[in-house]
Each structure stands twice: as structure tokens, then as C-alpha cells.
Amino acid sequence: MDIPFLSLKDITGKYSEEIHNVVNRVIDSGWYLQGSENTAFEANYSRYIGTQYTIGVANGLDALIWILRAYIELGVISPGDEVIVPANTYIASILAITENRLVPVLIEPDINTYQIDDSRIEAAITKKTKAIMIVHLYGRCAYTEKVGQICKNYNLKLIEDNAQAHGCLFNGRKTGSLGDAAGHSFYPGKNLGALGDAGAVTTSDKKLANVVHSLANYGSSKKYVFQYLGRNSRLDEIQAAILAIKLQYLDEDNNLRKTVAKKYINGINNSKIILPNVMDYSNNVFHIFPIRTKGRDELQEYLAKNGIQTLIHYPIPPHKQQCYIEWNDKSFPITEQIHDEELSLPMSPMLTDNQIQYVIDTVNQW
Ligand SMILES: *Cc1c(COP(=O)(O)O)cnc(C)c1O
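Computed from a prediction, not measured in an experiment: that's the story for all the values here.

## Examining the overall build of the chain
Move 1: Each helix and strand in the chain was counted, giving 12 helices and 11 strands.
Move 2: Against the 2.2 N^0.38 benchmark of 21 Å for 366 residues, the chain shows a C-alpha radius of gyration of 20 Å, consistent with a compact globule.
Move 3: Once the C-alpha set of the chain is aligned to its principal axes, its extents read approximately 65 × 55 × 40 Å.
Move 4: A buried classification covers 56% of the 366 residues belonging to the chain.
Move 5: Restricting to contacts in the chain with at least 6 residues of sequence separation, those with at least 24 account for 70%.
Move 6: Total accessible area computed for the chain in this model is approximately 16000 Å², and 49% of it derives from carbon and sulfur atoms.
Move 7: Of the charged side chains in the chain, 35 are positive and 40 negative, and the gap between their average positions amounts to 5 Å.

Next up, the structure:
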């Protein structure tokens, strides 16, 4: 049996007719940017996430860049200030910080949850700390009461990187509505994915929303009047229309992912493998199903030989990357351990029972 890590063709195929219909509608409308499709998606997404505003932008990295940049424009954060961020995140979270000439302060994750270890945050706060960026990595909620309390006590902005966790809950509230602002990616492989690049900022802060909206549109909120040094970072009408269709099925698709995860967790009993430690299925939308083992590369090769495609999230931590050469000598043992041991099993709402069982049996026979 051949099982892809994630078949985007199958995922798109499920909604093929509706997607073709809306794409044709946009094509025939003659209006391709900053129109009614954006307005409609933004309103629906705000209602879904539980914020006052959504601003559609070009991609998830830009969403995070614009949030920090807007705080700089508003005088809340200044270049050179520090932003606390988990050391084991995808590079985009950190690029958004350095792109704004801010200083990332890397914090180790908890080895059981893979999320920022909130017991290590306070020791890292200095006079220059202005924000904490939490990342709901692998689709699991990274927010804790303690993170919220620290932000209040030290007057820090809480920014969520919600690229991997659309639809995830914390005590009934959606990730993306838990902090001051959140960046969302709709990269095709994300839980809510466009058919190309797309992203959004959600917030209930009206001033911030206005600045983000301007920055992503040349720094302009009125045609031919430019207030900020912005860029062109807009969300296409075609992508907004596709996202509005797929948003209607997001909860259903996330539930299918949870079903796959439950089957993996109940079925995999190989003592060499550490499964995700799931306390509560409401605060995890399983963007990724991460397992850990000392023999990661060997397991990956064995699974590949048996037709099962896996990925590593991620092979090299940000502090070991060439683009951050100044950190290459730093040591983050927990982050490094996760990068050495993590393997992501196939995860998709489209996996069949037979495919899931085949993955379980093959992993158990290793
Ligand atoms: C995908 C991703 C991003 C960036 O999104 P793009 O749309 O690819 O720019 C940011 N942060 C995390 C954690 C991601 O997984």
C-alpha cells in the first residue's frame, strides 16, 4: 500500500465542485483584488475565530511581520526590543521578529507537549521585552493561564502564531482569539489551506487592525495616499473565495483528523515509540501527528520502504540554521532532542480506515 504524507489532490477533490464554482464566479466577476470575496471571508473568519477583525494578507509570514510592524508604527514596540518565542518553532515565527529588527529570545519547549515551556518565560524577561509570541505547534494549543498572566503582569503583548491550529480551542475559545493579535497561514498544507499562498491577521484591536490593513496595501488606507512604508501583501479574491468554502468544513475536517489521531494512539503500541501526550482532544487539531523515537532516521527509512511517506518537523532547529549563524554555538538541548527524534506520520482528513490500520501495523512491526 502507498500512503502519501498528505494528498492535497484528495483534500481539494472533496470540495471540487464548490471550489470550481466559486473560482468561476470570481473569474467572471472581473474583480480580482480587494473586493467582496475578501470582505465576506474576513467577516466569516472573524466570526469563526471570535475576534472583531480579520485582515486577509498574502501569506502567514507576512501576517506575523505586519503584526509586529504595526506595533512599531503605533509606538508600542521599538526596533531593538525583545520578543520571546519558542526555540523549536518553524523558522517563519522567528523571521517575522528579525525582519522587524527586533530581537528573538528563544525559550525551550516542554518535552511532553512540544509547546513553549511557560515555567521558563519569566526568567527571560528584561526591560526590553515587549511581547511573547506563542506558536500552537503541530496544531496543539500553546496558550496557558500562566502565559496570559505573565503578559498581564509585565504588560507584554501576546501574539499567537496560529499557522498550524485553525479551529483549536482553549476552554471553548479559539486559538487566534486568545492574545492581542494572531497570524494565520493558509498555505495549502495547513488545516485551512488555500490553493496557493494566503494568510490573515486576527485581532480585536481596531487601531492595530487599521495599521495592518494599510501596511499590507502599500501603507495606504485611502487610494493614492500613503501613510506608512508598506508593501503589497494582499489576499487574492480567488483565494478568499476558496477559503470561505473550505472554512465551512474546517470543523468537520478537524474532527476527522482527531479520529485518525485517536486510532493511531489506541493502535500504536511499539515500546520504542513515544506518542503525542494528548490530555484533551478539544485543544488539538492535529495539523501534524508527531511521534518520537531514538531511531528516527531508521524508522523513516523502514516506513518509506513499506510505502508510508513521513516528514520531519523539523530537521534543523532555527538556532542551528546558517541564516542565524550568531546562534549556532548556543545550546537548546530539548529543542535539539525534538529535532533529532521527531517523525510525523501521515495525517489528513482523507485517510481511510485501511490506510490508518496499515500505518499502525507497519509501525508496530518495526
Ligand atoms: C506555515 C507556517 C508559517 C508561515 O506561513 P506561510 O503562509 O507559509 O508564510 C508560520 N508559522 C508556522 C508555525 C507555520 O507552520
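## Details of the UniProt feature "modified residue: N6-(pyridoxal phosphate)lysine" (unreviewed entry) in the chain
Move 1: Residues annotated by UniProt as "modified residue: N6-(pyridoxal phosphate)lysine" (unreviewed entry) correspond here to Lys190.
Move 2: Locating lysine 190 in the fold gives a position in the loop between β8 (181–185) and β9 (199–203).
Move 3: With residues up to four places along the chain from it excluded, the contact list for lysine 190 reads Ala163, His166, Ser185, Arg257 and His287.

## So, the pairing of strand β2 (residues 82–86)
Move 1: Buried residues dominate β2, accounting for 5 of its 5 residues.
Move 2: Alternating positions in β2 separate into two faces, Glu82, Ile84 and Pro86 on one and Val83 and Val85 on the other, with burial throughout.
Move 3: Handedness of the crossover joining β2 and strand β3 (residues 103–107) through helix α5 (residues 91–99) is recorded here as right-handed.
Move 4: Pairing of β2 with strand β4 (residues 129–135) involves 3 bridges; the strand directions are parallel. Counted as the bridge partner of glutamate 82 is threonine 129 from β4.

## So, the packing of helix α3 (residues 36–49) against helix α8 (residues 237–247)
When two helices pack together, you describe them by how their axes are tilted relative to each other and by the distance separating the axes.
Move 1: For the pair α3 and α8, interaxial distance at closest approach is 8 Å and the crossing angle is 35 degrees. Relative to α8, the crossing made by α3 is left-handed. When α3 is examined against α8, the residues Ser36, Glu37, Asn38, Phe41, Asn44, Tyr45 and Tyr48 are found in contact with a partner set consisting of Glu237, Ala240, Ala241, Leu243, Ala244 and Leu247.
Move 2: Looking at the contact of α3 with α8, its residues break down into 8 nonpolar, 3 polar and 2 charged.

## Things to note about the site of the ligand
Move 1: Taken together, Asn59, Gly60, Leu61, Tyr90, Ala92, Val135, Asp161, Ala163, Gln164, Ser185 and Lys190 are the residues near the ligand.
Move 2: At 2.7 Å from a nitrogen atom of the ligand is found a side-chain nitrogen or oxygen belonging to aspartate 161.
Move 3: Computed on the free molecule, the ligand has an accessible area of 380 Å², of which 91% lies beneath the protein chains in the complex.
Move 4: Its residues assigned to classes, the shell around the ligand shows 5 nonpolar, 4 polar and 2 charged.

## Thoughts on the domain arrangement of the chain
Move 1: Each assigned domain of the chain is listed here: domain 1 (8–244) and domain 2 (250–365).
Move 2: With 36 residues of domain 1 at the contact, the number on the domain 2 side is 38 residues.
Move 3: Roughly 3300 Å² is buried in total at the junction of domain 1 and domain 2, and carbon and sulfur atoms are behind 60% of that figure.
Move 4: It is Tyr114, Tyr138 and Asn191 that lose the most area in domain 1 upon contact with domain 2, and together they represent 22% of the buried surface on that side.
Move 5: Linking domain 1 to domain 2 there are 1 salt bridge.
Move 6: Among the ionic pairs, lysine 14 bridges to aspartate 253, the shortest N-O distance being 2.8 Å.

## A few points about the UniProt feature "active site" (unreviewed entry) in the chain
Move 1: As annotated by UniProt and renumbered to match this structure, "active site" (unreviewed entry) occupies Lys190.
Move 2: Polar side-chain contacts of lysine 190 include one of 3.5 Å to the side chain of serine 185.

Cut-off values and rules
- Residues numbered from 1 in each chain as written.
- Predicted model: local features only at pLDDT ≥ 70, side-chain atom pairs only at ≥ 80, totals over all residues.
- Heavy atoms only, no water.
- Helix = DSSP H or I, 4+ residues; strand = E, 2+ residues; numbered from the N terminus.
- Rg over C-alpha atoms; globule rule 2.2 N^0.38 Å.
- Buried < 20%, exposed > 50% of the residue type's maximum accessible area, 1.4 Å probe, protein only.
- Contact = heavy atoms within 4.5 Å.
- Areas by Shrake-Rupley, 256 points an atom, 1.4 Å probe, with all protein chains shown as cover.
- Lys, Arg positive; Asp, Glu negative; His and termini not counted.
- Charge placed at Lys NZ, Arg CZ, Asp CG, Glu CD.
- UniProt positions renumbered as here; feature names shortened; annotations may be inferred.
- Right-handed = clockwise from strand over helix to strand, strands pointing away.
- Pairing = 2+ DSSP bridges.
- Axes fitted to C-alpha atoms, helices over the stretch in contact; angles between N-to-C directions.
- Left-handed = near helix turned anticlockwise from the far one by under 90°.
- Nonpolar A, V, L, I, M, F, W, Y, C, P; charged D, E, K, R; others polar.
- Near = heavy atom within 4 Å.
- Polar contact = N/O pair within 3.5 Å; in protein donor to acceptor, adjacent residues only side chain to side chain.
- Domains from an automatic or database assignment.
- Buried area = accessible area lost by both parts, 1.4 Å probe.
- Salt bridge = Lys/Arg side-chain N within 4 Å of Asp/Glu carboxyl O.

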